Each structure stands twice: as structure tokens, then as C-alpha cells.
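What follows is each chain in one-letter form.
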Amino acid sequence: MPEIAPSILAADFANLQRDIEMLNKSEAAWIHVDIMDGMFVPNISFGLPVCSAANQHARKPLDVHLMIEQPDRYLAAFVKAGAALITVHYEACLHLHSTIQRIKELGVKAGVALNPHTPVELLKDILADLDLVLVMSVNPGFGGQKFIENTYKKVLRLDGMRKAQGLNFMIEVDGGVNLANTPKLVEAGVDLLVAGSSVFSSADPLATIRQLRQAAQV
Ligand SMILES: O=C(CO)[C@@H](O)[C@H](O)COP(=O)(O)O
Ligand SMILES: [Co+2]
């Protein structure tokens, strides 16, 4: 069943505990944590202390999306800070296979994210090692951007590769996800939908998460 991972990038940082407690009560399956270093992406979000603080209150697993250069330097620290799943960017890893093995050795799930211009076919020889592939549906770095329509085709191709290889990694889509595009994304093969501004900018975030989950039952 497709699940929802609200991104706390769009939460009220001055009331982060309140917003995480709201997510605890919600139908969200994961809490998405966006880490940006101002180098891999042109924005700085927050780092280890905020991830740790979120983890102290979260009763859902943390899905940590590392938008940072040379992520190997921080893998162990993010596991200590509460990550249950760590996703690194294909474009940020020179030795991706080795990075994925290190994440797994640390005892958490391992994912790879692809920027909008990166073809899913480049992952062919590492798919069997992955728990998740994150298809970026905006250019990484900011919340609140417009969904890129080519994402559907990428997800369809990735789902085809998953079936052809008999694998069961999850497909996650991140950026501009809303009630309107959720059904088509699920039909294309998405298992996990990240939603930042569509949840936290809505009048009733709890209801929006419920509606996103319903929209995903296609
Ligand atoms: O990784 C990112 C952005 O780089 C995302 O996780 C955003 O935080 C999603 O925000 P919305 O597009 O849903 O507002
Ligand atoms: Co993200």
C-alpha cells in the first residue's frame, strides 16, 4: 500500500515538537528529513542536532534525505541521530556501491536519490543492493516548487526495471507532490510520496495527510 512521508522542511521550526506530535497522530508512515549543505544544493536547511531533536519526539521512522557532498563523512552520525533510512544522491557519490554498503553495515535501510536530469537506467547495476530509489520531481534544494511532469515516465521505467529484475525496492517521489498528482504517481509505480508544502501549508495538515493516503489508493 503506498504511504506518505511528510517533509519537516515545511514545518514551523519554532514549533517543531508540536508539528512532529501532529505527524505522530497522523496516517503518515515515515517522517522525511531534508538535510542540505549549501554545496550540493544552493540552500542550507538544518543538520544533526535538529535531526536528533526531531527523533526524540518522533514515533515514526525518520527517512533522512542527504543533499550533501561526500555523504560518507556523516553516515554514522545520522544513524546516531535517529535515521532509519538514509538516502544519498547518485550525483554526490563517486563510489556509490561502497557508500550503500556502509549505510547497510550501520544497520539502516539504504536509498539512492536521482536529480531530475539523471536517468534511472544509471542505477541498473546497483538496484539489487537498494531498499529504495528516490526520484526527485523538483530540483533539490527548496520546498514549494512545481512538480516536473517527466517524473511519471521515469517512475514507469524504474518500475519496469524493478519487475524485470524481480526486485522489491521502494520507489519514492519527492517534490511538488499533492492531491492532484498522487493517483497518477501511484499508477506509475510509486510506493512512498514525500509531501512538504502540500501538507504544512494546508489549513488542516492531519486531514491532508489522510486525503493524500486516500488519493494513493488507486
Ligand atoms: O528534498 C526536497 C527538496 O529538495 C523535498 O523533500 C521538499 O522538502 C519537498 O517539499 P515540497 O515540494 O513537497 O514542498
Ligand atoms: Co527530500
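Calculation criteria
- Residues numbered from 1 in each chain as written.
- Chains lettered and ligands numbered in written order.
- Predicted model: local features only at pLDDT ≥ 70, side-chain atom pairs only at ≥ 80, totals over all residues.
- UniProt positions renumbered as here; feature names shortened; annotations may be inferred.
- Helix = DSSP H or I, 4+ residues; strand = E, 2+ residues; numbered from the N terminus.
- Buried ≥ 20, exposed ≤ 12 C-beta atoms within 10 Å, placed from the backbone.
- Contact = placed C-beta atoms within 7 Å.
- Near = placed C-beta within 6 Å.
- Nonpolar A, V, L, I, M, F, W, Y, C, P; charged D, E, K, R; others polar.
- Right-handed = clockwise from strand over helix to strand, strands pointing away.
- Pairing = 2+ DSSP bridges.

K.L.:
Explain the UniProt feature "active site" (unreviewed entry) in the chain to me, and be specific about the residues and the numbers.
P.N.:
What UniProt calls "active site" (unreviewed entry) maps, in this numbering, to D34 and D174. These residues run over 141 residues, yet every pair of their C-alpha atoms falls within 10.5 Å of each other. Relative to the helices and strands, D34 resides in strand β2 (residues 31-36). Classification of D34 as buried rests on a count of 24 C-beta atoms within 10 Å. The contact partners of D34, leaving out residues within four places of it in the chain, are S7, L9, S45, H65 and M67. Along the chain, the position of D174 falls in strand β7 (residues 170-174).

K.L.:
Before we move on, can you summarise the site of ligand 1 with the specific residues and values?
P.N.:
In the neighbourhood of ligand 1, 22 residues make up the surrounding shell, with L9, P140, G143, G196 and S197 lying closest. For the shell around ligand 1, the secondary-structure elements that each account for two or more residues are β2, β3 (62-67), β8 (192-195) and α7 (197-200). Counted by class, the shell around ligand 1 contains eight nonpolar, 12 polar and two charged residues.

K.L.:
So what about the pairing of β3? Which residues, and what values?
P.N.:
Summarising burial for β3: six of the six residues are buried, a large majority. The alternating pattern of β3 places L62, V64 and L66 on one face and D63, H65 and M67 on the opposite face, and all of these are buried. As a crossover connection, the stretch from β2 through helix α2 (residues 48-57) into β3 is right-handed. Sheet analysis places β3 next to strand β4 (residues 83-89), joined by five bridges and oriented parallel. Of the residues in β4, the one forming a bridge with H65 is T87. Running through helix α3 (residues 75-80), the crossover from β3 to the neighbouring parallel element β4 is right-handed.

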